[in-house]
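Letter by letter, the chains look like this.
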Amino acid sequence: NCDVDVDADVDDMAFLYERKKRPEYTPGKIDDPDYVRIFDTTLRDGEQSPGATLTSSEKLEIAQNLAKLGVDIIEAGFPIASPDDFNAVKQIADVVGNEVFEDGYVPVICGLSRANVKDIQRAWDAVKGAQRPRVHTFIATSPIHMETKLRKTPDEVVEIAVKAVTFAKSLGCDDIEFSPEDAGRSDPEFLYRILGEVIQAGATTLNIPDTTGWNMPWEFGELIKKLRENVPGAENVVFSTHCQNDLGLATANSLAGALNGARQLECTINGIGERAGNASLEEVVMSLALKGDTKFQGGPGTGRLYTAINPVYITPTSKMVAEYTGMQCQPHKAIVGANAFQHESGIHQDGMIKNKKTYEIMTPESIGLMRGDSQSGAGIVLGKHSGRNAVSTRLRELGYDLDDDKLNAVFARFKQVAERKKGGLEDEDLEALVSDQSGFANALWSVTGLQVTAGMSGMPTATVKMRGPDMVERYVAMTGTGPVDAVYKAIDSIVGVEVELESYVLNSVTEGIKALATTRVVVTPKAGGFEAEALHSQTGRTDNRRFSGSGSDTDIVVSSARAYVSALNKLLSWSMRRNLLQQNNNEEEEEEEAKAAVAINAIAIPSEPPKTVV
């Protein structure tokens, strides 16, 4: 129920946080045909968005929030991509995959793999520590993909798919998802054949991807219906959708799939993902919450579809993903955009004053955005005299659930900015500071001093002072084409990292000359420098990772410096973890070789002399 008494006290809204009931989880089967499983791939497909690289700790935090949200399956990543990806998936499986909630819920942890032995083994090794592990394997089935990308015949593709599922099952995995990539442009007859074969081999979920966002909703819905009617063994598996948003139809296609019998919908927080993104989890979930009870007749069951998502966690999770990936939502984004619950038209405002249901089909409180009155319902203006409790209260109302360490960091930064910004900080300023601090968790380097000289005459010069991991302060002066260029050159000189600046965006958070500035940068290591390569799951191409950073300040040069250092800290942290993993792997290999040598010696040199047999 998304009707909430917006005049009620927040403390009286405990029912919003109650866990939703769901059928007992069984691979390949859902006891209630009206129940729709939500499969979140933010940490896998979502992270493939350019510049959306996440650290292992950020992935773990997002996964923990997804569990609070109540998603049925978390696709934690593509373990074969890199040692860091493997470690991140394994950590999520070992931690989040074993955190059982009071109602018995624990999410399925899934790892993606291509249809080959090496990938599948790696995926299984990463997820097998979870209570409910799943391996998701795929191969392309459309003519253009088979002929030009795979260069395989249909018979060869079927054989590869069957062997992949068979191998996954042989490892002890009883929850296997198979996807015929680009199913939306594949021959239905060929899909009937290959899907029937993988069911026989042991697949429990059949995911039907509209990989290029090509289908119209009525086309995609009809495809799901035909597959359920014509694939041998279809009654023994769960059908799933994975819809890309190239034509802006990902959510519509996913819901068309549900109308025609798909009972797992794959999506991402904020709709992030390859190219134009994926079906948006918040759009899919709230559509089913509002319309699932009345508008989905025709498929299996009664047609009264529902999920077990706790929508009150949508806003906090959305904000976390936006902060950690650096990919902010467009203001008019459905459900979670900044304007989703804003009303400026006089006619609309008049209607809202009289009855909020005149222009809102759901309440912001139902998705975790506690609106209340302006200034936290108590006339509070956040300024340099504001205390920690006032800042904490407003952040909670805005949908931020920060632990003590993060809150302390944001509050310290708030005090610094509030000293210089007259008139107090707006909500947008506060949110910018949260994003600013998200890049400085476990920071290796920080800017402790900065001074620039620039103008129409003379050479732009910057003097930068920084504190490093050894807590020693270093400073250097550099010239550049402008003040920001000079600052970035100085930072490069101190940190000793060579990167390419791929993107630099500077925006004003609010209006006016005293507005807070927020900067976002994307960097990638230069060739011959840090190795930051990762394998792309669909193209098979190895690309350099991109690292994003955000910074905010009333001074645009300081804001730019903080964003750049944030991105460099992510790069350095990622590189350190990767080197540590490689070192551990090398030590394990040496230990195994030593054990093998001892075993060989034990065989070659018996502990006792051989006895003479008469």
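The structure presented is a predicted model; accordingly, all values stated were derived computationally and were not measured.

Conventions adopted
- Residues numbered from 1 in each chain as written.
- Predicted model: local features only at pLDDT ≥ 70, side-chain atom pairs only at ≥ 80, totals over all residues.
- Heavy atoms only, no water.
- Buried < 20%, exposed > 50% of the residue type's maximum accessible area, 1.4 Å probe, protein only.
- Helix = DSSP H or I, 4+ residues; strand = E, 2+ residues; numbered from the N terminus.
- Pairing = 2+ DSSP bridges.
- Right-handed = clockwise from strand over helix to strand, strands pointing away.
- Disulfide = S-S within 2.5 Å.
- Axes fitted to C-alpha atoms, helices over the stretch in contact; angles between N-to-C directions.
- Expected span 1.5 Å × (residues − 1).
- Parallel < 35°, antiparallel > 145°, perpendicular 65-115°, else oblique.
- Contact = heavy atoms within 4.5 Å.
- Nonpolar A, V, L, I, M, F, W, Y, C, P; charged D, E, K, R; others polar.
- Salt bridge = Lys/Arg side-chain N within 4 Å of Asp/Glu carboxyl O.
- Patch = residues over 30% accessible without salt bridge, like charges linked within 9 Å, V, L, I, M, F, W, Y side chains within 5 Å.
- Areas by Shrake-Rupley, 256 points an atom, 1.4 Å probe, with all protein chains shown as cover.

**Observations regarding the pairing of strand β8 (residues 264-267)**
The alternating pattern of β8 places Gln264 and Glu266 on one face and Leu265 and Cys267 on the opposite face, and all of these are buried. Across four bridges, strand β1 (residues 37-40) lies against β8 in parallel orientation. Note that in β8 the partner of aspartate 40 across the bridge is cysteine 267. Pairing analysis gives three bridges linking strand β7 (residues 238-243) to β8, with the strands arranged parallel. Bridge pairing in β8 links serine 240 to glutamine 264. Between the parallel pair β7 and β8, the chain is carried across by helix α8 (residues 250-259), and the sense of this crossover is right-handed.

**Quick look at the state of the cysteines**
Going through the model one piece at a time under the given rule, you end up with zero disulfides. The closest cysteine sulfur to the non-disulfide-bonded cysteine 110 is located on cysteine 173, 8.7 Å from its own sulfur. Looking at cysteine 110, the relative accessible area reads 0%, which means it is buried.

**Brief notes about the sheet that holds strand β16 (residues 547-553)**
Strand order in the open sheet formed by three strands is β12-β13-β16, and the pairing between neighbours is antiparallel. Pairing within the sheet leaves two strands with one partner each, and these edge strands are β12 (499-508) and β16. Mean inter-strand twist for the sheet, computed between neighbouring axes without regard to direction, equals 15 degrees.

**Describing helix α2 (residues 83-95)**
Under the 1.5 Å per step criterion, the end-to-end length of α2 is 18 Å for 13 residues, consistent within 8% with the ideal 18 Å. Within α2 the residues assigned to the buried category are Pro83, Asp84, Asp85, Phe86, Ala88, Val89, Ile92 and Ala93.

**Side note on the packing of α2 against helix α3 (residues 117-127)**
One can describe the packing of α2 onto α3 by two numbers: an axis separation of 7 Å at closest approach and a directional angle of 40 degrees. One element, α2, and the other, α3, form an angle in the oblique class. Facing Pro83, Phe86, Val89, Lys90 and Ala93 of α2, the residues of α3 in contact are Arg122, Asp125, Ala126 and Val127. In the contact of α2 with α3, the residues fall into six nonpolar, no polar and three charged.

**A closer look at the pattern of salt bridges**
Applying the stated criterion to the full structure yields 32 salt bridges. Between arginine 19 and aspartate 103 there is a salt bridge; the shortest N-O distance is 3.7 Å. With arginine 19 in the segment before β1 and aspartate 103 in the loop between α2 and β3 (108-114), this pair connects stretches of sequence that are 84 residues apart. For arginine 19, a relative accessible area of 25% gives the class partly exposed. The closest approach of N and O atoms between aspartate 45 and arginine 44, which form a salt bridge, is 3.7 Å.

**A few points about a nonpolar patch on the surface**
The grouping of Leu501, Tyr504, Leu506 and Ile556 at the surface amounts to a nonpolar patch, some 320 Å² of accessible area in total. The element best represented in the nonpolar patch is β12, accounting for three residues. Looking at the element boundaries, leucine 501 is found in strand β12. For leucine 501, a relative accessible area of 39% translates into the label partly exposed.

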